[in-house]
Amino acid sequence: MGMPTDEPLSPPDHGGEGGEQVGGYYVSGDTAYELYFFSQSGAYEYARLINRAAENLSGKATVYDMVIPLYYTFALGNDVQKSLGVADGGEVIAYAISEHVEFAGVHSGDATIQFPPQKLYVETMRRIKRISRQIAKELNISGPFNIQFLARDNDIKVIECNLRASRSFPFVSKVLKINLIELATKVMLGLPVEKPEKNLFDLDYVGIKASQFSFNRLQKADPVLGVDMASTGEVGCIGDDTSIAVLESMLSVGQRIPEKNILLSTGTAKQKAAMLDAAKLLQSKGYKLFATGGTSRFLTENGVENTLVYWPSEEGMQPQALDLLHKKEIDMVVNLPKNLTAGELTNGYKIRRAAVDLNIPLLTNARLAEAFINAFCGLTAGDIPIKSWDEFK
């Protein structure tokens, strides 16, 4: 079974080959401070700042080495899956495989999870199941476990294995209608258990678990998702299909269907391309699009009508994105961070923070934004059928 590799990095002179990186450890003496980066340049930037801080404290320049586990960012199209289940004496007796809506790079506690998975290859699920059984057997697990995987096509990497229940256990139990915690408890007490016959392929409906955030109560916090967990709650919803479940869950955590005007700032070139179909869909549904510089140019080049707005740093230019937000002329903001440069962080932060402070719906992840846009462009809140849990068979 595969695992992400480790690679040393000594800033700023050299670093190994490996491309996009989103995780690492800064090591100083006996203490490891966990840091995360969205790119190799980001790793260097963190190292530079830390070494500057060390110099200010000690009065002399010190260069520290870093060890960076090589993970893969959204730019490479990597998905995160979670396998969870119950084992008895190393034998898996119940399992489930769920799928993150967001690409790799978002903490599993903040990620939007769909179960059963909707976009996984059958071969990917087969390999995840096989590796989960191998791990359970090797560790002789008796009780609950959960394993996180990184998947690109059918290449599977094991991120971590936890010998405990996770918050996905009650969600999956509700959707699958099998009480996994009850099974795990019986196993740990040495009571006899029977293997459930039902599995995820038997379900004719979809569950979505969306995270709830409290950025409006955290002054000056940057409301962007990353590998550090920020959510303070979550909502689980079940729908007849993915669009219904996504719309239910997003509305349940405080998002709103926009009425008319949407502000887009869609990050890197690959993110812009990924969001193009969603932008075209919004235009076809009559929404008026406002976009910052690079996004506006990209949309115009691809035949999507939009109105150019300016960043806070572009003083004297009109219309200003912040002014539109404060005048409540924007109904939803899609702001995807591009990189870790000072200008990008400052401009993007001001837009994101204003949206939160003004209670304007904000999305900062391309995959989640695309899923929500597809949902509310195809449905209205009135189209959501009201069903009890028992009605989902």
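To start, this report covers the structure provided alongside it. (Residues numbered from 1 in each chain as written. Predicted model: local features only at pLDDT ≥ 70, side-chain atom pairs only at ≥ 80, totals over all residues. Heavy atoms only, no water.)

On to the environment of M250, then. Within the secondary structure, M250 is located in helix 5 (residues 242-252). We classify M250 as buried; its relative accessible area is 4%. For the pair M250 and C237, spaced 13 residues apart in sequence, the C-alpha separation works out to 9.4 Å. Among residues more than four places away in sequence, those in contact with M250 are Q255, L363, L368 and F372. (Helix = DSSP H or I, 4+ residues; strand = E, 2+ residues; numbered from the N terminus. Buried < 20%, exposed > 50% of the residue type's maximum accessible area, 1.4 Å probe, protein only. Contact = heavy atoms within 4.5 Å.)

Before going further, it helps to examine the pairing of strand 11 (residues 206-212). Counting buried residues along strand 11, six of its seven residues qualify, which places the element largely inside the surrounding structure. Pairing geometry for strand 8 (residues 113-115) and strand 11, over three bridges, is antiparallel. Within the sheet, the bridge partner assigned to Q114 lies in strand 11 and is I208. For strand 11 and strand 12 (residues 233-239), the ladder comprises seven bridges, and the chain directions are antiparallel. Across the sheet, the residue bridging to S211 is E234, located in strand 12. (Pairing = 2+ DSSP bridges.)

Below, the discussion takes up the sheet that holds strand 16 (residues 332-335). Taken together, the five strands give an open sheet; going across it, the order is 15-14-13-16-17, and neighbouring strands pair in parallel fashion. Strands at the two margins of the open sheet, each flanked by one partner only, are strand 15 (307-308) and strand 17 (362-363). Relative to strand 16, strand 13 (residues 261-265) runs parallel, the two being bridged by four bridges. Directly across from S265, in strand 16, lies its bridge partner N335.

Moving on, we come to the pattern of salt bridges. Tallying each qualifying case throughout the model produces nine salt bridges. With a shortest N-O distance of 2.9 Å, K209 and E234 are connected by a salt bridge. Pair noted here: K209 is in strand 11 and E234 is in strand 12, with a separation of 25 residues, a long-range link. The class for K209 is buried, based on a relative accessible area of 4%. Look at the salt bridges and you will find they share partners, linking E123, R126 and R127 into a network. (Salt bridge = Lys/Arg side-chain N within 4 Å of Asp/Glu carboxyl O.)

Buried within helix 4 (residues 180-188) we find L180, L183, A184 and V187. Projected onto a plane normal to the axis of helix 4, the buried residues spread over an arc of 95° and lie on a single side. A distance of 3.3 Å separates the backbone nitrogen of I181 from a side-chain oxygen at the start of helix 4, and that oxygen is part of N179. Where helix 4 ends, the next residue or the one after it, G190, has phi of about 80°, a positive value. (Arc of directions from axis to C-beta. Polar contact = N/O pair within 3.5 Å; in protein donor to acceptor, adjacent residues only side chain to side chain.)

On to the packing of helix 6 (residues 269-284) against helix 10 (residues 366-378). Packed helix pairs are characterised by how far apart their axes lie and by the angle those axes make with each other. Axis separation between helix 6 and helix 10 bottoms out at 10 Å; the angle between their running directions is 25°. One way to sum up the angle between helix 6 and helix 10 is to call them roughly parallel. Seen from above, helix 6 lies across helix 10 with left-handed handedness. Facing A274, M275, A278, L281 and L282 of helix 6, the residues of helix 10 in contact are A366, A369, E370, I373, N374, F376 and C377. Looking at the contact of helix 6 with helix 10 residue by residue, the classes come out as ten nonpolar, one polar and one charged. (Axes fitted to C-alpha atoms, helices over the stretch in contact; angles between N-to-C directions. Parallel < 35°, antiparallel > 145°, perpendicular 65-115°, else oblique. Left-handed = near helix turned anticlockwise from the far one by under 90°. Nonpolar A, V, L, I, M, F, W, Y, C, P; charged D, E, K, R; others polar.)

Glancing now at the packing of aromatic side chains. According to the stated counting rule, one finds four aromatic pairs in the structure shown. Measuring from centroid to centroid gives 5.8 Å for Y287 and F376, while their planes differ by 70°, and the two rings are edge-to-face. Residue Y287 is found in the loop between helix 6 and strand 14 (288-291), and its partner F376 is found in helix 10; the two are separated by 89 residues along the sequence. Judged on exposure class, the residue Y287 and its partner F376 are both buried. On the numbers, 5.0 Å between centres and 75° between planes, the contact of F372 with F376 is edge-to-face. Of this pair, F372 and F376 both sit in helix 10, four residues apart, which is roughly one turn of that helix. Look at F372 and you get buried, because its relative accessible area is 0%. Among the aromatic side chains, those forming a connected cluster through ring pairs are Y287, F372 and F376. (Phe/Tyr/Trp six-rings, centres within 6.5 Å; stacked < 30°, edge-to-face > 60°.)

Neither face of strand 16 is open: one carries M332 and V334, the other V333 and N335, and all of them are buried. Bridge count between strand 16 and strand 17: two bridges; the pairing is parallel. The partner of V334 across the bridge, within strand 17, is L363.

With that out of the way, let us pick up the environment of K195. Mapped onto the secondary structure, K195 falls in the loop between helix 4 and strand 11. Here K195 falls in the partly exposed class, since its relative accessible area comes to 46%. Leave out the neighbours within four places in its chain, and K195 touches E91, V92 and I93. Among the polar contacts made by the side chain of K195, one reaches the side chain of E91 at a distance of 2.9 Å.

Attention now goes to the nonpolar core. Across soluble globular proteins, nonpolar side chains have a tendency to be buried as a group. Core analysis: the largest hydrophobic core is formed by 38 residues, its most contacted members being V86, F115, F149, V172, V175 and L180. Looking at this core, the elements with two or more residues in it are strand 6 (79-88), strand 7 (91-103), strand 8, helix 2 (122-139), strand 9 (143-152), strand 10 (155-162), helix 3 (168-176) and helix 4. (Core = buried A, V, L, I, M, F, W, Y, C linked by side-chain atoms within 4.5 Å.)

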